Amino acid sequence: MPHLSYRRHRFPPPIIQHAIWLYLRFTLSYRDVEDLLAERGLEISYETVRRWVLKFGPGIARKLRRCRPRPSDRWHLDEMVVRIAGKRMYLWRAVDHEGEVLDMLVQRRRDKRAALRLMRKLLRKQGFTPKLLITDKLGSYGAAFRHLGLTCPHEQGLRKNNRAENSHQVVRRRERKMQRFKSARSAQYFLSIHAAVYNTFNLQRHLVSRSTLRVFRAEAAAQWQDAAAAG
């Protein structure tokens, strides 16, 4: 895997890393990050921030994914409609029962073939089969489930899949802030990076005490620092 190198850049690595962290961690535009950095006396254009995210974001995401623990074996699959360049497309997503984003795939259709592509990609990436698969009542899931010959229970129902439905909210906020995605490729590219950062800082704060939350925050910050460090 290629190492991150900040050589030949005008600004030191901590500033570059902080700008990338701001954009990926919060629902901000490139211009919002530019304004936040300007408030600290750093004159950095939004275009420079964009180039930093595109250059270093994938490498940081790969490192973050490598240090994540194995997700749970209860998977929720769902699809959401996204408008890309005026066309109706579907973002297929898989999360575990704790909200960890497992994988995603932007596709044109909402049929068995599209469901199969997501499931095959998911199984190949995770390296194990789930003990429980939960989806809505879309027939494409059942057809793909039978085609793959999976033996785990498959539960279907709208309310049973609330975990996946709720996980779409983060993507919706991003979609609005970015004034919709410009292409399927750019949407897939950005959301894969964003998912790695989201998983790292998704701390389920309502389930833990304040002292435990501080520990988790410190661990997440340390993981980010390690992933963003130069190779």
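Residues numbered from 1 in each chain as written. Predicted model: local features only at pLDDT ≥ 70, side-chain atom pairs only at ≥ 80, totals over all residues. Heavy atoms only, no water.

Q: What exactly am I supposed to notice about the environment of P58 here?
A: You can see P58 is positioned in helix α3 (residues 46-66). A relative accessible area of 16% places P58 in the buried class. Residues P58 and H9 lie 49 residues apart in sequence; the distance between their C-alpha atoms is 18 Å. (Helix = DSSP H or I, 4+ residues; strand = E, 2+ residues; numbered from the N terminus. Buried < 20%, exposed > 50% of the residue type's maximum accessible area, 1.4 Å probe, protein only.)

Q: Sorry if this is basic, but what is going on with the packing of aromatic side chains here?
A: Remark: the centre distance and the inter-plane angle together describe each pair of aromatic rings, the angle taken between the planes. Under the counting rule described, the total for this entry stands at eight aromatic pairs. Plain terms: the ring middles of Y23 and Y30 are 4.2 Å apart, the flat faces sit at 10° to each other, and that makes the pair stacked. Take Y30: its relative accessible area is 19%, and that puts it in the buried class. Three or more aromatic residues link up through ring pairs in this structure, and these residues are W21, F26 and F201. The ring centre of Y46 lies 4.0 Å from the NZ or CZ of R31, which sits over that ring. (Phe/Tyr/Trp six-rings, centres within 6.5 Å; stacked < 30°, edge-to-face > 60°. Lys NZ or Arg CZ within 6 Å of the ring centre and 35° of its normal.)

Q: Sorry if this is basic, but what is going on with the environment of R51 here?
A: Tracing the backbone shows R51 in helix α3. Using a relative accessible area of 55% as the deciding quantity, one classes R51 as exposed. Taking the C-alpha atoms as reference points, R51 and I20, separated by 31 residues in sequence, lie 9.8 Å from one another.

Q: Would you explain the pattern of salt bridges in this entry?
A: A side chain of one charge can pair with a side chain of the opposite charge if their charged atoms are brought near each other. Enumeration over the complete set of coordinates arrives at eight salt bridges. With a closest N to O distance of 2.8 Å, E175 and R172 form a salt bridge. In this pair, E175 and R172 both sit in helix α6 (residues 162-177), three residues apart, roughly one turn of the helix. Residue R172 is classed as partly exposed on the basis of its relative accessible area, which comes to 28%. One salt-bridge network, held together by shared partners, links E47, R50 and R51. (Salt bridge = Lys/Arg side-chain N within 4 Å of Asp/Glu carboxyl O.)

Q: Quick question: what am I supposed to make of the sheet that holds strand β3 (residues 101-107) here?
A: Backbone hydrogen bonds hold the strands of a sheet together, and the pairing may be parallel or antiparallel. Spatially, five strands are ordered β3-β2-β1-β4-β5 in an open sheet, and the strand pairing comes out mixed. Pairing within the sheet leaves two strands with one partner each, and these edge strands are β3 and β5 (154-156). The sheet shows a mean angle of 20° between the axes of neighbouring strands, taken without regard to direction. Examined bridge by bridge, strand β1 (residues 74-84) and strand β4 (residues 132-135) share three bridges and lie parallel to one another. Note that in β4 the partner of W75 across the bridge is L133. Packed onto the sheet, helix α4 (residues 112-126) meets β1, β2 (87-96), β3 and β4 and runs at close to 145° relative to β3. This element, α6, spans β1 and β2 of the sheet and lies at about 30° to β1. (Pairing = 2+ DSSP bridges. Axes fitted to C-alpha atoms, helices over the stretch in contact; angles between N-to-C directions. Contact = heavy atoms within 4.5 Å.)

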